[in-house]
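# Descriptive analysis of the structure
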Amino acid sequence: MGKKVQAIYLWWHKPVIDPELLQSLPNLKVIANSGVGMDHLDLKLVASFGVKMANAPCAVSSSTADAGMALLLASARRLVEGYHVAISSGSEYCEADLLGDEVTGVALGIIGMGSIGCKIALGAKAFEMTILYHNRTWRKEQEEQAVGATCCEKMDNLLQQADFVTAVVSLTLHTHKLIGKREMELMKPTATLINFSRGAVVDRGALVTALQIGIIRAAALDVTFPEPRPRDHMLLKLKNVIITPQLGTKTDKATYVVTEEAVENIRAALNDLPVPSEVLPS
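Residues numbered from 1 in each chain as written. Predicted model: local features only at pLDDT ≥ 70, side-chain atom pairs only at ≥ 80, totals over all residues. Heavy atoms only, no water.

A few words now on the overall build of the protein. Helix and strand content of the protein: ten helices and ten strands. The C-alpha radius of gyration computed for the protein amounts to 21 Å, which stays within 12% of the reference 19 Å derived for 282 residues, consistent with globular compactness. With the C-alpha coordinates aligned to their principal axes, the bounding extent of the protein is approximately 65 × 50 × 35 Å. Every one of the 282 residues in the protein was classed for burial, and the buried ones make up 45%. Sequence separation of 24 or more characterises 59% of the internal contacts of the protein that already satisfy a separation of 6 or more. Accessible surface, the protein as shown: approximately 15300 Å² in total, 55% of it carbon and sulfur. Of the side chains in the protein, 28 bear a positive and 30 a negative charge, and the two mean positions are spaced by 5 Å. (Helix = DSSP H or I, 4+ residues; strand = E, 2+ residues; numbered from the N terminus. Rg over C-alpha atoms; globule rule 2.2 N^0.38 Å. Buried < 20%, exposed > 50% of the residue type's maximum accessible area, 1.4 Å probe, protein only. Contact = heavy atoms within 4.5 Å. Areas by Shrake-Rupley, 256 points an atom, 1.4 Å probe, with all protein chains shown as cover. Lys, Arg positive; Asp, Glu negative; His and termini not counted. Charge placed at Lys NZ, Arg CZ, Asp CG, Glu CD.)

A word on the sheet that holds strand 2 (residues 30–33). Ordered by their spatial adjacency, three strands build an open sheet running 1-2-3, and the pairing between neighbours is parallel. A single partner strand is all that each edge strand has here, and the edge strands are strand 1 (7–10) and strand 3 (52–54). Averaged over neighbouring strand pairs, the angle between their axes works out to 15° when direction is ignored. Relative to strand 2, strand 1 is paired through four bridges, and the arrangement is parallel. Following the sheet pairing, L10 is matched in strand 2 by N33. (Pairing = 2+ DSSP bridges. Axes fitted to C-alpha atoms, helices over the stretch in contact; angles between N-to-C directions.)

The next subject is the environment of V201. Structurally, the position occupied by V201 is in the loop between strand 8 (192–195) and helix 9 (204–213). For the pair V201 and T175, spaced 26 residues apart in the sequence, the C-alpha separation amounts to 5.8 Å. The contact partners of V201, leaving out residues within four places of it in the chain, are A167, V169, L171, T175, K177, L178 and I179.

Evaluated as defined, the whole model comprises eight salt bridges. Here R217 ties to D101 by a salt bridge, and the two come within 2.9 Å at their closest N and O atoms. With a gap of 116 residues between them, R217 in the loop between helix 9 and strand 9 (218–221) and D101 in the loop between helix 4 (79–87) and strand 4 (107–111) connect regions that are remote in the sequence. Classification of D101 by relative accessible area gives partly exposed; the value is 29%. One salt-bridge network, held together by shared partners, links D156, R182 and E183. (Salt bridge = Lys/Arg side-chain N within 4 Å of Asp/Glu carboxyl O.)

A separate point is the domain arrangement of the protein. Under the domain assignment, the protein is made up of domain 1 (2–55 + 251–271) and domain 2 (60–243). Placing the centre of domain 1 and that of domain 2 at their C-alpha centroids yields a distance of 31 Å. Across the contact, seven residues belong to domain 1 and four residues belong to domain 2. Around 500 Å² of area is buried between domain 1 and domain 2 when both sides are counted, 62% of it from carbon and sulfur atoms. Sorting the residues of domain 1 by area buried against domain 2 places V36, D39 and A254 first, and these three jointly supply 62% of that buried surface. Across the domain 1-domain 2 interface, the total number found is one salt bridge. For D39, the salt bridge identified is with R198, shortest N-O distance 2.9 Å. Between domain 1 and domain 2 we count one residue pair in polar contact (both at pLDDT 80 or more) in total. (Domains from an automatic or database assignment. Buried area = accessible area lost by both parts, 1.4 Å probe. Polar contact = N/O pair within 3.5 Å; in protein donor to acceptor, adjacent residues only side chain to side chain.)

What follows concerns the nonpolar core. Counting residues in each nonpolar core, the largest one holds 29 residues, and the members touching the most others are I111, V165, I179, M184, L193, L207 and L211. Breaking this core down by element, the ones donating at least two residues are helix 7 (155–161), strand 7 (164–167), helix 9 and strand 9. Of the residues forming this core, the biggest block, five residues, is contributed by helix 9. In this structure, V106, A121, F164 and I242 belong to the second largest nonpolar core, which totals 28 residues. (Core = buried A, V, L, I, M, F, W, Y, C linked by side-chain atoms within 4.5 Å.)

If you want it as structure tokens, here you go:
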């Protein structure tokens, strides 16, 4: 069947795209990914076979932003800890020291102000947050004004000011371990780190240490590296961490729309038309 295959739709990184597969599909024209991140693909390798690549940035931005805000709120108000208190067999009252943080009026730092970052900023605006962002390029002035965001040219400035720091970047050579020991030490000891981009964007060893000794207050993670974490890993034992299994894009609507977007990309490639969400190797 290899000669008949002209398109591949990647779902959860499968099938694995390696040289052997590409060599076995001489008429392959396009690979469409069911998400934004393309770090699981060797883009230069795929391009060398004359195959186009596309992702689905529009379909997942709202659902991912929703999940990011959910993590922020759950961590701030210690919802997971509160849940366990509420269902505990010996629970008679809520402990007086189970105090969370208010989010209204605090400073939110967004690292990576793409479509997802902008939607997070819109949600944060409803909580009257001060919104800081750091991005490779500044957003247009009208875009900043729409969400009340201020650009920090240096990421260090954002880290020093924010009460909540969210990472919303693609995983590349430049963003691998973007947030490590030095960056966490710049953050407030009362700050929370929220990551729902890729696990390897955060140095996991530095994160465990920072949470254990109080360099930062808490972390809320929809991604880890590797996934899943070994069941005996220290990160899974800390009370000041919330971890979810990549729920960012897992909604009925997002799943449907991402498939529609992939089909649109595939049809364009097969008809030799411009691919709407084409991704080029850097």
